Amino acid sequence: MATKTIARPRTPVASEENAQDPADLLENTLSQLEALLWVCHGEEIDWCSGDGPRQLNNLLWLAAELARKAGELFQVSEKARRGAPETGD
């Protein structure tokens, strides 16, 4: 049986993510969730053959997206903190 190929940007770009079709975003998120649950099950996972390499790739993709989003949130929070008036507490 052929495995499903998921089209996704090679380099995450926030503006591209907003322009993506909701069905593509849902498919991407479901692939990442499947990989996370697959890893959590954890019994006899062969990372070198079968579905292992695909699931590992999706898991690393999830971690990279979370790190990118966390970095973006940090930048936004720093701008907000610097722009906020100082309190005399």
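Presented here is an overview of the structure given in this document. What you are looking at is a predicted structure, and each value in this text was computed from that prediction instead of being measured.

1. Quick look at the overall build of the protein chain
Item 1. From N to C terminus, the protein chain includes three helices and zero strands.
Item 2. If you list the helices and strands of the protein chain from N to C, you get α-α-α.
Item 3. Looking at the protein chain as a whole, 15% of its 89 residues are labelled buried.
Item 4. Carbon and sulfur atoms make up 59% of the accessible area of the protein chain, which totals about 7,100 Å².

2. With respect to the packing of aromatic side chains
Item 1. Counted by the stated rule, this structure contains one aromatic pair.
Item 2. Measuring from centroid to centroid gives 5.7 Å for W38 and W47, while their planes differ by 75 degrees, and the two rings are edge-to-face.

3. What about the packing of helix α2 (residues 22-41) against helix α3 (residues 52-83)?
Item 1. Relative to each other, α2 and α3 sit at 110 degrees, their axes nearing to 8 Å. Our classification of the angle between α2 and α3 gives roughly perpendicular. Judged by the twist between their axes, the crossing of α2 over α3 is left-handed. Each of N28, S31, Q32, E34, A35, L36, W38 and V39 in α2 lies in contact with α3, whose residues at this interface are G52, R54, Q55, N58, L59, W61, L62 and E65.
Item 2. Classifying every residue of the contact of α2 with α3 by side-chain character gives seven nonpolar, six polar and three charged.

4. Some words on the pattern of salt bridges
Item 1. Counting across every chain of the model gives five salt bridges.
Item 2. The residue R54 makes a salt bridge to E34 at a minimum N-O spacing of 3.9 Å. A residue pair is termed long-range when its members are at least 10 positions apart, and R54 in helix α3 and E34 in helix α2 qualify at 20 residues.
Item 3. Accessibility expressed as a relative area gives 27% for R54, which makes it partly exposed.
Item 4. The salt bridge involving R54 is made with D51; its shortest N-O contact spans 3.6 Å.
Item 5. Bridged by salt links that share partners, the residues E34, D51 and R54 form one connected network.

5. Quick word on a nonpolar patch on the surface
Item 1. Taken together, the side chains of L26, L30, L33, L36 and L37 define a hydrophobic patch exposed on the protein surface, amounting to about 460 Å² of accessible area.
Item 2. Within the secondary structure, L30 sits in helix α2.
Item 3. The partly exposed category is assigned to L30, whose relative accessible area is 48%.

6. Section: α3
Item 1. Over its 32 residues, α3 runs 46 Å from end to end, which matches the ideal 46 Å to within 8%, given 1.5 Å per residue.
Item 2. G52, Q55, N58, W61, L62, E65, R68 and E78 are the residues of α3 that are buried.

Parameters at a glance
Residues numbered from 1 in each chain as written. Predicted model: local features only at pLDDT ≥ 70, side-chain atom pairs only at ≥ 80, totals over all residues. Heavy atoms only, no water. Helix = DSSP H or I, 4+ residues; strand = E, 2+ residues; numbered from the N terminus. Buried < 20%, exposed > 50% of the residue type's maximum accessible area, 1.4 Å probe, protein only. Areas by Shrake-Rupley, 256 points an atom, 1.4 Å probe, with all protein chains shown as cover. Phe/Tyr/Trp six-rings, centres within 6.5 Å; stacked < 30°, edge-to-face > 60°. Axes fitted to C-alpha atoms, helices over the stretch in contact; angles between N-to-C directions. Parallel < 35°, antiparallel > 145°, perpendicular 65-115°, else oblique. Left-handed = near helix turned anticlockwise from the far one by under 90°. Contact = heavy atoms within 4.5 Å. Nonpolar A, V, L, I, M, F, W, Y, C, P; charged D, E, K, R; others polar. Salt bridge = Lys/Arg side-chain N within 4 Å of Asp/Glu carboxyl O. Patch = residues over 30% accessible without salt bridge, like charges linked within 9 Å, V, L, I, M, F, W, Y side chains within 5 Å. Expected span 1.5 Å × (residues − 1).

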